[in-house]
Amino acid sequence: MKALIIVIVIVIIMLAIGAALSARIIKQYQEGVLFRLGRVRGPRKPGFHLIIPFFDVLHRVSLRIVTMPIQSQGIITRDNVSVDVSAVAYFRVVDAVKSVVAIENVYSAIDQIAQTTLRKVVGQHTLDQTLSETDKINLDIRKILDVTTVDWGVEVTLVELKDIQLPDTMKRAMAKQAEAEREKRAKIINAEGESLAAAALGQASDTMMAHPLALQLRNLQSLVEIGVDKNTTVVFPAPLMTTIAELGSFLAREKAAAAAGPLPGGNTRAPVAAANGIAAARAIDTANGTETANGTETGGGIADGS
């Protein structure tokens, strides 16, 4: 009786050990590859699976996207500039059987092929292309890796250049180039502004030629702006001095006409000339900053006989 109990206990223990050795659980993000006596029996989906102990071997392969940094590479570009370029690659296993059977260590293989591909692709571009056409370089590296890794059951989803280190001498040269480019743009903008200002001034001069009073009003406005600062010196614009000279000539002509005598028909121009002379003299005295009383100038200058 005791021997029977011992046998039963041993059988139960062996069944428990066998169940523990044969039970396998594959997670949702994994896929299993079953080998029986060294031969591939096919993939196994996520879930609970039983295998034959000592005859079957189950390899679990992760199907999640793997982030692999590509270490910095010293690369010489096509225009003979030495740069250090680092990148990052994203890939995932799409065929678990190939990733186990076709290659020994898929992660190490992708790391090595990514480094060599990065050096090859960047070396075919100039420095300016490497800095400005990163999207094109990323796409070229990805295409080459896809062709190579398709037999390994791996799909490269993305490759991105992460960092580009330039020599110090090249950095200084690029800084000088950028500064010269900004100076060129500033000079072009300044020239365009001068051109627009000249065009506007031309239009303003045409308007003033058509309306002479506009120029006089502008001169008076300039005098008002100068007088705001309480300056002791007043600068008269040249057109205003020309106007004063024309007024003097007008007075001289009127005096000459008055001295010539009455006009035919009994009319005389003397009173009109005298009145015009008084008004002109007042205008001139006002412009010169002097005061007049009863048509006679008190500050010197032009005298009118009324």
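Sequence order as written defines residue numbering, which begins from 1 separately in each chain. For this predicted model, a pLDDT threshold of at least 70 governs which residues receive local features, and a threshold of 80 or more governs which side-chain atom pairs are given and counted, while totals over whole chains, interfaces and linings are taken from all residues. Just so you know, side-chain values use all the structure's heavy atoms and leave hydrogens and water out.

## Side note on the packing of aromatic side chains
By convention here, two paired aromatic rings are described through the distance between centres and the angle between planes.
Phase 1 of the analysis: Classification of ring pairs rests on two measures: the distance between centres of Phe, Tyr or Trp rings, Trp counted by its six-membered ring, which must be within 6.5 Å, and the angle between planes, read as stacked under 30 degrees, edge-to-face over 60 and tilted in between. Under the criterion given, the structure shown has one aromatic pair.
Phase 2 of the analysis: For the pair F91 and Y107, a centre-to-centre distance of 5.9 Å together with 50 degrees between the ring planes defines the contact as tilted. One end of the pair, F91, is in strand 7 (residues 82-93); the other, Y107, is in helix 3 (residues 106-123), with 16 residues separating them in the sequence.
Phase 3 of the analysis: A ring is scored as having a charge over it whenever the NZ atom of a lysine or the CZ atom of an arginine sits within 6 Å of its centre and within 35 degrees of its normal. When the ring centre of Y29 is taken as reference, the NZ or CZ atom of R64 above it lies at 3.8 Å. The secondary structure listing takes helices from DSSP runs of H or I that are at least 4 residues long and strands from runs of E that are at least 2 residues long, numbered from the N terminus.

## Concerning the sheet that holds strand 3 (residues 39-44)
Phase 1 of the analysis: Each pair of strands is called paired provided DSSP finds at least two bridges between the two strands. Within the open sheet, the three strands sit side by side as 3-2-5. Their pairing is antiparallel. Here the strands that pair on one side only, and so sit at the sheet edges, are strand 3 and strand 5 (56-62). For this sheet, the mean angle separating the axes of adjacent strands, direction not counted, is 25 degrees.
Phase 2 of the analysis: The sheet contact formed by strand 2 (residues 30-36) and strand 5 spans seven bridges and is antiparallel. Counted as the bridge partner of L34 is L58 from strand 5. Every axis in this analysis is a line fitted to C-alpha atoms, fitted for helices over the stretch in contact. Angles between the N-to-C directions lie between 0 and 180 degrees.

## Structural notes on the pattern of salt bridges
Phase 1 of the analysis: Salt-bridge detection follows one rule: a side-chain nitrogen of Lys or Arg within 4 Å of a carboxyl oxygen of Asp or Glu. Counted according to the given criterion, the structure contains six salt bridges.
Phase 2 of the analysis: Between R36 and D56 there is a salt bridge; the shortest N-O distance is 2.7 Å. Taken as a pair, R36 in strand 2 and D56 in strand 5 lie far apart in primary sequence, 20 residues in all.
Phase 3 of the analysis: A salt bridge links E181 to R185; the nearest nitrogen and oxygen atoms lie 3.6 Å apart. Of this pair, E181 and R185 both sit in helix 6 (residues 168-210), four residues apart, which is roughly one turn of the helix.
Phase 4 of the analysis: Note on E181: relative accessible area 31%, which makes it partly exposed.
Phase 5 of the analysis: Residue exposure (1.4 Å probe, protein chains only): buried if accessible area is under 20% of the type maximum, exposed if over 50%, otherwise partly exposed. Taking relative accessible area as the criterion, R185 reaches 52% and is therefore assigned exposed.

## Here's the deal with unusual backbone geometry
Phase 1 of the analysis: The backbone phi angle of L37 is positive, close to 55 degrees, even though this residue is not glycine.
Phase 2 of the analysis: Looking at where L37 falls in the secondary structure, it is placed in the loop between strand 2 and strand 3.
Phase 3 of the analysis: Here L37 falls in the exposed class, since its relative accessible area comes to 65%.
Phase 4 of the analysis: Even without a glycine there, the phi angle at N80 is positive, about 60 degrees.
Phase 5 of the analysis: Residue classification places N80 among the exposed positions, given a relative accessible area of 67%.

By themselves these figures say nothing about function.
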